[in-house]
Amino acid sequence: MDACRKEVQGRRGQEGSEVIVMKERTLLLIKPDALQRGLVGEILARFEKKGFKIVGLKMLHVSKELAKEHYAHLVDKPFYHDLEKFVTSNPLVAAVVEGKEAVEVVRLIVGPTNASKAPGGTVRGDFSNSTSRNVIHASDSKETAEKEIKRFFKPAELFDYKLNNEQYLYASDE
Ligand code: IDP
Ligand code: MG
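Read on for a plain summary of the structure.

The rules behind the values
Chains are numbered independently. Their residues run from 1 in the order of the written sequence. All chains are assigned letters beginning at A, and all ligands numbers beginning at 1, according to the order in which they are written. Local features are withheld for residues below a pLDDT of 70 in this predicted model, meaning they are given only at 70 or higher, and side-chain atom pairs are given and counted only at 80 or more; totals for whole chains, interfaces and linings count all residues. Calculation of side-chain values draws on the structure's entire complement of heavy atoms; hydrogens and water are dropped beforehand. By nonpolar core is meant a set of buried Ala, Val, Leu, Ile, Met, Phe, Trp, Tyr and Cys residues that side-chain atoms within 4.5 Å join together. Note on exposure labels: buried denotes an accessible area under 20% of the residue type's maximum, exposed denotes more than 50%, and partly exposed covers the range between, all computed with a 1.4 Å probe on protein chains only. In this description a helix means any DSSP run of H or I spanning at least four residues, a strand means any run of E spanning at least two, and both kinds are numbered starting from the N terminus. For this analysis, residues touch if any pair of their heavy atoms sits within 4.5 Å. Whether a residue is near a molecule or strand is decided by its heavy atoms; if any one of them lies within 4 Å of it, the residue is near. Pairing of N or O atoms within 3.5 Å defines a polar contact, subject to two protein rules: one partner must be a possible hydrogen donor and the other a possible acceptor, and residues neighboring in sequence count only if both atoms are side-chain atoms. Exposure was quantified through the Shrake-Rupley algorithm and a 1.4 Å probe, taking into account, for residues, occlusion by the shown protein chains and nothing else. In this analysis a 1.4 Å probe is tested at points of a 1 Å grid over the protein atoms alone, and where it fits but cannot get out there is a cavity; an open set with protein on both sides within 12 Å along at least five of seven lines is a pocket; lining residues have an atom within 4 Å of a point. To decide whether a molecule occupies a pocket or cavity, check its atoms: if more than half lie within 2 Å of the grid points, it is inside. Each residue is assigned to one of three groups, with Ala, Val, Leu, Ile, Met, Phe, Trp, Tyr, Cys and Pro labelled nonpolar, Asp, Glu, Lys and Arg labelled charged, and all others, Gly among them, labelled polar. A pair is scored as a salt bridge if a Lys or Arg side-chain nitrogen falls within 4 Å of a carboxyl oxygen belonging to Asp or Glu. A pair of strands is treated as paired once DSSP finds two or more bridges between them. Grid points are joined across faces, edges and corners, and a volume is the space filled by probe spheres set on the points. Positive charges come from Lys and Arg, negative ones from Asp and Glu, while His and the chain ends are left out of the count.

## What to know about the nonpolar core
Okay, step 1: Grouped together as the largest cluster of nonpolar side chains are 23 residues, with contacts concentrated most on Ile 43 and Phe 47.
Okay, step 2: Of all the secondary-structure elements, those providing two or more residues to this core are strand E2 (18-30), helix H2 (40-50), strand E4 (92-99), helix H5 (102-110), helix H6 (123-127) and strand E5 (136-138).
Okay, step 3: Ranked by residues supplied to this core, first place goes to H5 with five residues.
Okay, step 4: Residues in contact with Ile 43, not counting those within four places in the same chain, are Ile 30, Ala 34, Val 123, Phe 127, Val 135 and Ile 136.
Okay, step 5: Listed in part, the 20 residues of the second largest apolar core include Val 55, Tyr 71, Ala 94 and Phe 152.

## A look at the site of ligand 1
Okay, step 1: If you check the shell around ligand 1, you find Lys 31, Tyr 71, His 73, Leu 74, Phe 79, Leu 83, Arg 107, Thr 113, Arg 124, Thr 131, Ser 132 and Asn 134 and nothing else.
Okay, step 2: Here an oxygen atom of ligand 1 sits 2.5 Å away from a polar atom, N or O, in the side chain of Thr 113.
Okay, step 3: For ligand 1, the protein covers 79% of the area, taking 520 Å² as the surface of the free molecule.
Okay, step 4: Of all the cavities here, the one that holds ligand 1 is the largest pocket.
Okay, step 5: In terms of residue class, the shell around ligand 1 is made up of four nonpolar, five polar and three charged.

## A short note on the pattern of salt bridges
Okay, step 1: As enumerated under the stated definition, the model contains 14 salt bridges in all.
Okay, step 2: In this structure, Glu 98 engages Arg 25 in a salt bridge whose closest nitrogen and oxygen atoms are separated by 2.7 Å. Within this pair, whereas Glu 98 is found in strand E4, its partner Arg 25 is found in strand E2, the two being separated by 73 residues in sequence.
Okay, step 3: For Arg 25, a relative accessible area of 1% gives the class buried.
Okay, step 4: For Arg 25, the salt bridge goes to Asp 160, with nearest N and O atoms at 3.1 Å. In this pair, Arg 25 is assigned in strand E2 and Asp 160 in the loop between helix H7 (142-152) and helix H8 (166-169), connecting sequence segments 135 residues apart.
Okay, step 5: Look at the salt bridges and you will find they share partners, linking Lys 23, Arg 25, Lys 53, Glu 98, Asp 160, Lys 162 and Glu 166 into a network.

## With respect to the pairing of E4
Okay, step 1: A large share of E4 lies buried, amounting to eight of its eight residues.
Okay, step 2: Here E4 shows a buried face lined by Leu 92, Ala 94, Val 96 and Glu 98 and a second buried face lined by Val 93, Ala 95, Val 97 and Gly 99.
Okay, step 3: Note that strand E3 (residues 53-60) and E4 share seven bridges and pair antiparallel. Counted as the bridge partner of Leu 60 is Leu 92 from E4.

## Remarks on empty space enclosed by the protein
Okay, step 1: Going through the model one piece at a time under the given rule, you end up with two cavities of 30 Å³ or more.
Okay, step 2: In this structure, the largest cavity occupies an estimated 60 Å³ of space.
Okay, step 3: Along its surface, the largest cavity is lined by Leu 29, Lys 31, Val 62, Ala 67, His 70, Tyr 71, Val 87, Leu 92 and Phe 152.
Okay, step 4: Looking at the lining of the largest cavity residue by residue, the classes come out as seven nonpolar, one polar and one charged.
Okay, step 5: Approximately 50 Å³ is the volume attributed to the second largest cavity.
Okay, step 6: Lys 23, Gly 51, Lys 53, Glu 98, Gly 99, Leu 163, Glu 166, Leu 169 and Tyr 170 together form the lining of the second largest cavity.

## What about the side chain of Arg 124?
Okay, step 1: Checked against the element boundaries, Arg 124 lands in helix H6.
Okay, step 2: No salt bridge forms around the buried Arg 124; measuring N to O, its nearest opposite-charge neighbour Asp 33 is 8.3 Å away.
Okay, step 3: Not counting residues up to four positions away in its chain, the partners in contact with Arg 124 are Lys 31, Val 110, Gly 111, Pro 112, Thr 113, Ala 115, Ala 118, Asn 134, Ile 136 and His 137.

Dropping the structure here:
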């Protein structure tokens, strides 16, 4: 399933035309530091409470090969060795969440990479004071999200279902 997909809701807009709701998906990795610190439930809850639908969820132990692929943009950095050791040291929890403008909104909830500078209220701002052990990963663009979801989830591990409270999460025109 693509990170960004169109879903016809079957509702009628003001002009009588069918309303098309853009639903985006993005990848979250609740990193090994968060798992070790007992923060998985609290972190996932933030996205649920925002109204994001969990469409994929699993625990895995990241291999060195997967770490190299996922952090390909960082392999030449001096901190890469430590980063690889960190993400492969212990299991993590991977999730795919779906909702309006998921990629951008999830990044806002996550906060900047350097958690020391992350505002309170963001996941990194509230749970970390480190640039490295910053508790969570989130895809940084729609294109990246599409690739990263495929990297961590098989199609059969992603679920299409309706939340019963969807009419309370979004207006009919968004
Ligand atoms: P992001 O996680 O906010 O998207 P990226 O630049 O993609 O940030 O970096 C991926 C991960 O690599 C970070 O979340 C962090 O764990 C680690 N990292 C990034 N920059 C540094 C650094 O300067 N020192 C140590 N670790 C870093
Ligand atoms: Mg990144």
